[in-house]
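Letter by letter, the chains look like this.
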Amino acid sequence: MIEENKWLGHITNNSGGEMKKALLAYSGGLDTSAILVWLQKEMNLEVYCYCCDMGNMPDKEWLEKRALSFGAKKFIFDDAREEFVNDYVFNVIKSGALYEGEYLLGTAIGRPLIASKMGKVAEEYDIDIFVHGATGKGNDQLRLEQSWSYLYPDKEILTPWKEWSFKGRNELLNYLEAQGYPYEGESGGRYSIDENIFHKSTEGAELEDVAISYNDEILDHKIEETMPSKITLSFKKGIPFALNGEEYGAKDLLDELNKYGIQYNIGIADIVEERVNGIKSRGVYHTPGGTVLAFALKKLKEICWSHKTTKLAQMMSIEYAELVYEGAWFSTARTSLDAFFNSAAQNLEGTVSLEFGPSFMKVLSRKSEKSLYSKSLVSFEEDEFGINKSAIGFCKTRNLQYINEGKVK
Ligand code: ARG
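Now for a look at the structure at hand. (Residues numbered from 1 in each chain as written. Predicted model: local features only at pLDDT ≥ 70, side-chain atom pairs only at ≥ 80, totals over all residues. Heavy atoms only, no water.)

### A closer look at the overall build of the protein
Moving on, step 1. Secondary structure assignment for the protein yields 13 helices and 14 strands.
Moving on, step 2. Judged by the C-alpha coordinates and their principal axes, the protein covers about 90 × 55 × 45 Å.
Moving on, step 3. Counting over 409 residues, the protein shows a buried share of 47%.
Moving on, step 4. For the protein, the share of sequence-separated contacts (at least 6 apart) that also reach a separation of at least 24 residues comes to 73%.
Moving on, step 5. In the form shown here, the protein has an accessible surface area of approximately 21400 Å², with 50% of it arising from carbon and sulfur atoms.
Moving on, step 6. Of the charged side chains in the protein, 47 are positive and 62 negative; the average position of the first set lies 7 Å away from that of the second. (Helix = DSSP H or I, 4+ residues; strand = E, 2+ residues; numbered from the N terminus. Buried < 20%, exposed > 50% of the residue type's maximum accessible area, 1.4 Å probe, protein only. Contact = heavy atoms within 4.5 Å. Areas by Shrake-Rupley, 256 points an atom, 1.4 Å probe, with all protein chains shown as cover. Lys, Arg positive; Asp, Glu negative; His and termini not counted. Charge placed at Lys NZ, Arg CZ, Asp CG, Glu CD.)

Structure (structure tokens):
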């Protein structure tokens, strides 16, 4: 039964009553620093700050110091890398999801994880209100708010960028100064960047002009080793578990694959996509290891899946990508599609060997105990079933419909 949702349609303000607790998705940047102060001063809230590492290596000590010095009651930090790769990245790869045929959804899968982690914290500290610093123009607001709505339908959500009257960075700087919390250091670079172990997206500044090509400097992944040009990946139930015969945990495997992807310039996509709100936006996405993984798994699917399964999966992939992109990670629709992919992935096991060259990769070999591929059946030599002979009847029957149509054309 659905009861009235108490957060829809009004701003929380608890002046007078007992002080409510807010949990802010905090990055230590200018926006969330201003939000942290604004929540205390203007909304009279006690603020807890949350941050997790999904592979972007936030500096925990620095963040904690900063949050507390800006008045936070508490700073909470999680290392969520293993969970992110295991439960989100591998699921998206297994499903073959690509938004608008190209985007591997690296930002879109990060937000529901942050939301659910914050939910756990909210339960522990008896938090009343979730707060995020995403603007009203992008997709991230939906991904966070919809996740909280599904997981914690009775809690409130507060979105400062949609409530306050500040218009830009300078006004935030002035506000912080006036409140006695001068903001020092980086006030944000030229670009809007989102980074995790799976992907780095860069948007804004000159990239907003789709007539201008991007500068390689924005792909600032560096690696120290020189990686060999060949790899073998092993899969079980559609999930990778070993590289070159050596078993790895989820995060470590993706870390390794990233090195290959970066060395050989794999997984760079310069995309114009349509946001859920209809605004077209241009971004440059770097998904090195994930692109290698998706390619290898596709090669395994080719030998392990029937045409019917492949076709169904293709159709479902489109829906899966759409749901993840629009922020419906926590929804019956998405988990139902997951059930399909988990079932279809039961026989996705085996190994795939790849070779890399500059900006390309090719498959060297695919092997699987569950392979549907038969060399003897496809061979141009005679096979044990005498398929050539039996094809007389097969073709005659198939021809009937065309004979019928041909006669009346
Ligand atoms: N356009 C991509 C998406 O909607 C990337 C968004 C990046 N977000 C950010 N806050 N920089 O998934």
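### Examining the sheet that holds strand 4 (residues 129-131)
Moving on, step 1. The strand order 3-2-1-4-5 describes an open sheet built from 5 strands, whose pairing is parallel. Each of the sheet's edge strands pairs with one partner strand only, and the pair in question is strand 3 (74-79) and strand 5 (156-158). Each strand of the sheet is rotated relative to its neighbour by a mean of 25 degrees, with strand direction disregarded.
Moving on, step 2. Here strand 4 runs beside strand 5; their pairing, made up of 3 bridges, is parallel. Within the sheet, the bridge partner assigned to F130 lies in strand 5 and is I157.
Moving on, step 3. Contacts from helix 2 (residues 60-69) reach strand 2 (46-53) and strand 3 within the one sheet, and its direction differs from that of strand 3 by about 160 degrees. (Pairing = 2+ DSSP bridges. Axes fitted to C-alpha atoms, helices over the stretch in contact; angles between N-to-C directions.)

### A word on the pairing of strand 1 (residues 21-25)
Moving on, step 1. Judged by how many residues are buried, strand 1 sits mostly within the fold: 4 of 5 residues are covered.
Moving on, step 2. As defined by bridge partners, strand 1 adjoins strand 2 across 5 bridges and the pair is classed as parallel. Residue A22 lies in a different strand from strand 2, and its bridge partner there is V47.
Moving on, step 3. Viewed along the sheet, the connection from strand 1 through helix 1 (residues 30-41) into strand 2 turns out right-handed.
Moving on, step 4. Note: strand 1 against strand 4, 3 bridges, orientation parallel. (Right-handed = clockwise from strand over helix to strand, strands pointing away.)

### Observations concerning a negative patch on the surface
Moving on, step 1. A grouping of E100, E319, E322 and E326 is seen on the molecular surface, where their side chains present a negatively charged patch.
Moving on, step 2. A residue is classified by how much of its surface remains accessible, and E322, at 37% relative accessible area, is partly exposed. (Patch = residues over 30% accessible without salt bridge, like charges linked within 9 Å, V, L, I, M, F, W, Y side chains within 5 Å. Salt bridge = Lys/Arg side-chain N within 4 Å of Asp/Glu carboxyl O.)

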